[in-house]
Amino acid sequence: MPNRLADAASPYLLQHADNPVDWWEWTPAAFEEAKRSGRPVLLSVGYAACHWCHVMAHESFEDDATAAVMNELFVNIKVDREERPDIDQIYMAALQQLGVSGGWPMTMFLDAEGAPFWGGTYFPKEARYGQPAFTDVLKTMANAYASGDPRIATNREALLHRLRERARPEGRVVIGTNELDDVAGRILGIMDPEHGGLKGAPKFPNTPFLELLWRAYERTGRERLRNEALHALDAMSEGGIYDHIGGGYSRYAVDDHWLVPHFEKMLYDNAQLLDLLSLAFVETHEPLFRQRAEETIGWLEREMLVPGAGDTAGFAASLDADSEGHEGRYYVWTLKQLLDALGVEDAEFFARHYDITPFGNWEGVSIPNRLKELPRSGADEIRLALLRDKLLSVRSRRVPPGRDDKVLADWNGLMIAALARAAGRLDRPEWLELARRAFDFVVAHMARGDRLGHSYRQSKLVQPGLSSDYAAMAGAALALHAATGDAVYLDRAIGWMRALDAHHAGPDGGYYLTADDAEGLILRPDATMDDAVTNPNALAVRVLAQLAALTGDESWRARLDLLFDGLLPRAAPQLYSHAGLLNALDTRLRAPEIVVIGAAGDPAADALWEAARKLPLIDAVLQRVTDAGELPAAHPATAKAQAAHEPSAFFCRDATCSLPVTRPEQLAALLNRPTPG
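From a predicted model like this one, the values you see are computed outputs, not experimental measurements.

Reading the values: the criteria
Residues numbered from 1 in each chain as written. Predicted model: local features only at pLDDT ≥ 70, side-chain atom pairs only at ≥ 80, totals over all residues. Heavy atoms only, no water. Pairing = 2+ DSSP bridges. Helix = DSSP H or I, 4+ residues; strand = E, 2+ residues; numbered from the N terminus. Contact = heavy atoms within 4.5 Å. Axes fitted to C-alpha atoms, helices over the stretch in contact; angles between N-to-C directions. Buried < 20%, exposed > 50% of the residue type's maximum accessible area, 1.4 Å probe, protein only. Disulfide = S-S within 2.5 Å. Parallel < 35°, antiparallel > 145°, perpendicular 65-115°, else oblique. Left-handed = near helix turned anticlockwise from the far one by under 90°. Nonpolar A, V, L, I, M, F, W, Y, C, P; charged D, E, K, R; others polar. Phe/Tyr/Trp six-rings, centres within 6.5 Å; stacked < 30°, edge-to-face > 60°. Lys NZ or Arg CZ within 6 Å of the ring centre and 35° of its normal. Salt bridge = Lys/Arg side-chain N within 4 Å of Asp/Glu carboxyl O. Polar contact = N/O pair within 3.5 Å; in protein donor to acceptor, adjacent residues only side chain to side chain. pLDDT = per-residue confidence, 0-100.

1. Some words on the sheet that holds strand β23 (residues 656-657)
- The strand order across the open sheet formed by 4 strands is β21-β20-β22-β23, and the pairing between neighbours is mixed. The open sheet is flanked by β21 (621-625) and β23, the only strands paired with a single partner.
- Along the sheet, helix α20 (residues 536-551) contacts β20 (593-597) and β21; its crossing angle with β21, the most-contacted strand, is approximately 25°.

Here it is as structure tokens:
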């Protein structure tokens, strides 16, 4: 039976277009069919780079007998979680209320109104290891639904109640720098002192936690906080989670020491890590961090560009973990393959430095890594770099993993901002051009006036956009404005934030994920916790804080405070799950502003500006103007800037600015890290 996915925009849905399952996309028509036929809905949610999604697809969705059961008993809906994170968020929350930890593929059973009554994740085709066979699950759920089993209605009502309830403690919740420092101290207690990152396995990069530690270091001067973040970044950059041949980081490591990755590569992980790598380099000048940033952007340019109109090019969403039906096959090596590619002498040299062993370090093959510390001279590093280039050329002739080439506005926004900041920190203007081209792609293909779409592929735009799209792309616009001084980017950020407020504002000050004119779901998701990426409310706060500083319009700061008034009571009982919001609160409380006065092209002003862009600050508002008259009248630097008669810089915090600085080295001295008590 042909299914309905052939015209889908999502590569993940297109992977299922030839299944014998009678798949529907998420549409009102699918639920009308459920009502007409009296069948429940089977909702299957996954994404293109998901290994276990592929396993379940091969075992069950491509199997004629299993598909026949699905088609007889259910209306089957397939959703790409990256294309529709709103749907994913709702039903993942429901799954967790059932006591299931969550994950993908997500398999949920819904009534014809879209209300969930049971669910799980991966189900095997045949019963094993205590898991029921998928067809047994299907028949049990369908029989319970058809018979009017009261547990269906009970589960439905309980889940809907829990999904809708909000934690709103009585009175105001106050979270300030003391509480932020306390959370950072507690995170130190669960960091892995040997391998870096959080203790145990699997190991995720968890960039919001690393950022939270770094911010606490900026507040307190306690170097251990920064060092734990650096340790994690160093370890994952030397481990197998990093692709030493082609650049870029995988989603996570399945072990406790970063060796064995789940080989999928996601755009958002690499965006968030790139930001930390460039920050770590300007803080430490450690060559490893510069090298990993350069190699990751090399991978981005080589494998992730999606050409658009003119010279625009967006970034694809992800690369699959599998190739030729095996996870990681594209990335792993045997000693024989190394010998064939490099010859005996070079192969032995490379194998020693990258842990390529006769019997492998994982399932009979080897994952290149540099977890073992070996002495390496500068000449050794040059030789290894040349050998990596040879192996990359050899690897390029292998069957590559699948690429999900849809362009997501929010993930692109994260990468654009990271590129713009890295370009200034590492003196790489070509990276700024890469960021600009991606920004122009989103504007050309995904913007309709001040409204954004969420996902674009082959002229198909999924719209309206999500709050994450507006917050991330407004952040990208401000990063480009800071890097270039071009007012066009500031205007874009203002327009998108006004659209966010108009179409996503919730009653408690936060933002709903979905727009007010989006297709109706059983509820409007508005979660405040971080997912794989920082929560959109937290991204929005950082934009609002910058807009208040750049424009002098205090209504932006008032909007920011309204958001915190509503969301902090919900975050307080589970602070660890709200690292993104806590980081945004730190921005509100403490983020510095650096103003450079002086025309572009003036050597003294340019030197101050370049020094400002290289300051090791995780969140600072950078602004360059030709003269003091361009600053908002209420800006704390205005009066001092009017008295300056040469190119000058001002370091401002808590509405107070330094005296004018005229030499770049003086600007760095103004960071004035606190001395730990």
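2. Thoughts on unusual backbone geometry
- That bond from Ala201 to Pro202 is cis: its omega, -5°, falls within 30 degrees of zero.
- As for its position among the elements, Pro202 is in the loop between α8 (177-188) and α9 (207-220).
- Cis geometry marks the peptide bond from Gln463 to Pro464; its omega dihedral reads 0°.
- The backbone phi angle of Glu363 is positive, close to 50°, even though this residue is not glycine.
- Position of Glu363 relative to the elements: it lies in the loop between α14 (344-354) and α15 (378-395).
- Judged by relative accessible area, Glu363 falls into the exposed class, the value being 68%.

3. So, the state of the cysteines
- Under the defined criterion, the tally for this structure stands at 2 disulfides.
- Cys50 shares a disulfide with Cys53; S-S distance 2.3 Å. Judged by the sign of its S-S torsion, about 80°, the cystine formed by Cys50 and Cys53 is right-handed.
- Using a relative accessible area of 3% as the deciding quantity, one classes Cys50 as buried.
- Classification of Cys53 by relative accessible area gives buried; the value is 2%.
- Across the disulfide from Cys652 sits Cys657; the S-S distance is 2.0 Å. Taking the torsion about the sulfur-sulfur bond, which here is approximately 105°, the covalent link between Cys652 and Cys657 counts as right-handed.

4. Topic: the pairing of strand β5 (residues 116-120)
- Counting buried positions along β5 yields 4 of 5 residues, so the element is predominantly enclosed.
- Note that strand β4 (residues 106-110) and β5 share 4 bridges and pair antiparallel. Each residue of the ladder has a partner; that of Thr107, found in β5, is Gly120.
- Hairpin remark: β4 followed by β5, antiparallel, with 5 residues in the connecting loop; positive phi at Gly114, about 90°.

5. What to know about the packing of α8 against helix α22 (residues 579-590)
- Viewed as axis vectors pointing N to C, α8 and α22 meet at an angle of 140°, and their least axial separation amounts to 11 Å. Overall, the two elements α8 and α22 adopt an arrangement that is oblique. α8 and α22 meet at a crossing whose hand is left-handed. Touching Thr177, Leu180 and Val183 of α8 are Leu582, Leu585, Asp586 and Leu589, all from α22.
- Classifying every residue of the contact of α8 with α22 by side-chain character gives 5 nonpolar, 1 polar and 1 charged.

6. A few points about the packing of aromatic side chains
- The tally for this structure, following the rule as stated, stands at 23 aromatic pairs.
- The aromatic ring of Tyr217 is capped on one face by Arg226, whose charged end is 5.0 Å from the ring centroid.
- The ring of Trp333 is capped by Arg398, whose NZ or CZ atom sits 4.0 Å from the centre of that ring.

7. Describing the sheet that holds β4
- Taken in spatial order, the 5 strands make up an open sheet running β1-β3-β2-β4-β5, and their pairing is mixed. Strands at the two margins of the open sheet, each flanked by one partner only, are β1 (23-24) and β5.
- Relative to β4, strand β2 (residues 41-46) is paired through 5 bridges, and the arrangement is antiparallel. By the bridge assignment for β4, Leu43 is matched with Met108.

8. Some thoughts on the pattern of salt bridges
- Summed over all chains, the structure comprises 60 salt bridges.
- Glu218 is the partner of Arg590 in a salt bridge, and the nearest nitrogen-oxygen pair spans 3.0 Å. Separated by 372 residues along the polypeptide, Arg590 in helix α22 and Glu218 in helix α9 bring together distant segments of the chain. Here the two residues Arg590 and Glu218 agree in accessibility, since each one is buried.
- Where Arg613 meets Glu610, a salt bridge forms, and the shortest distance between an N and an O atom there is 3.9 Å. Here Glu610 and Arg613 lie together in helix α23 (residues 603-613), a separation of 3 residues that amounts to about one turn.
- We classify Arg613 as buried; its relative accessible area is 13%.

9. What about the side chain of Asp111?
- With respect to the helices and strands, Asp111 occurs in the loop between β4 and β5.
- Given the relative accessible area of 8%, Asp111 is considered buried.
- From its side chain, Asp111 meets the backbone nitrogen of Glu113 in a polar contact 2.8 Å long.

10. Remarks on the confidence of the model for the protein chain
- Residues at a pLDDT of 70 or more form 96% of the protein chain, whose mean pLDDT is 91.
- Residue range residues 165-171 is modelled with pLDDT below 50. Its contacts to residues more than four positions away, or to other chains, number 8 contacts.

11. Here we look at the packing of α20 against helix α21 (residues 554-571)
- At their nearest, the axes of α20 and α21 sit 8 Å apart, and the two run at 155° to each other. Judged by the angle between their axes, α20 and α21 are roughly antiparallel. At the point where α20 passes α21, the crossing takes the left-handed sense. Taking contact as the criterion, the partners of Asn537, Val541, Leu544, Ala545, Leu547, Ala548, Ala549 and Thr551 in α20 are, on α21, Trp556, Arg557, Arg559, Leu560, Leu563, Phe564 and Leu567.
- Residue composition of the contact of α20 with α21, grouped by class: 11 nonpolar, 2 polar and 2 charged.

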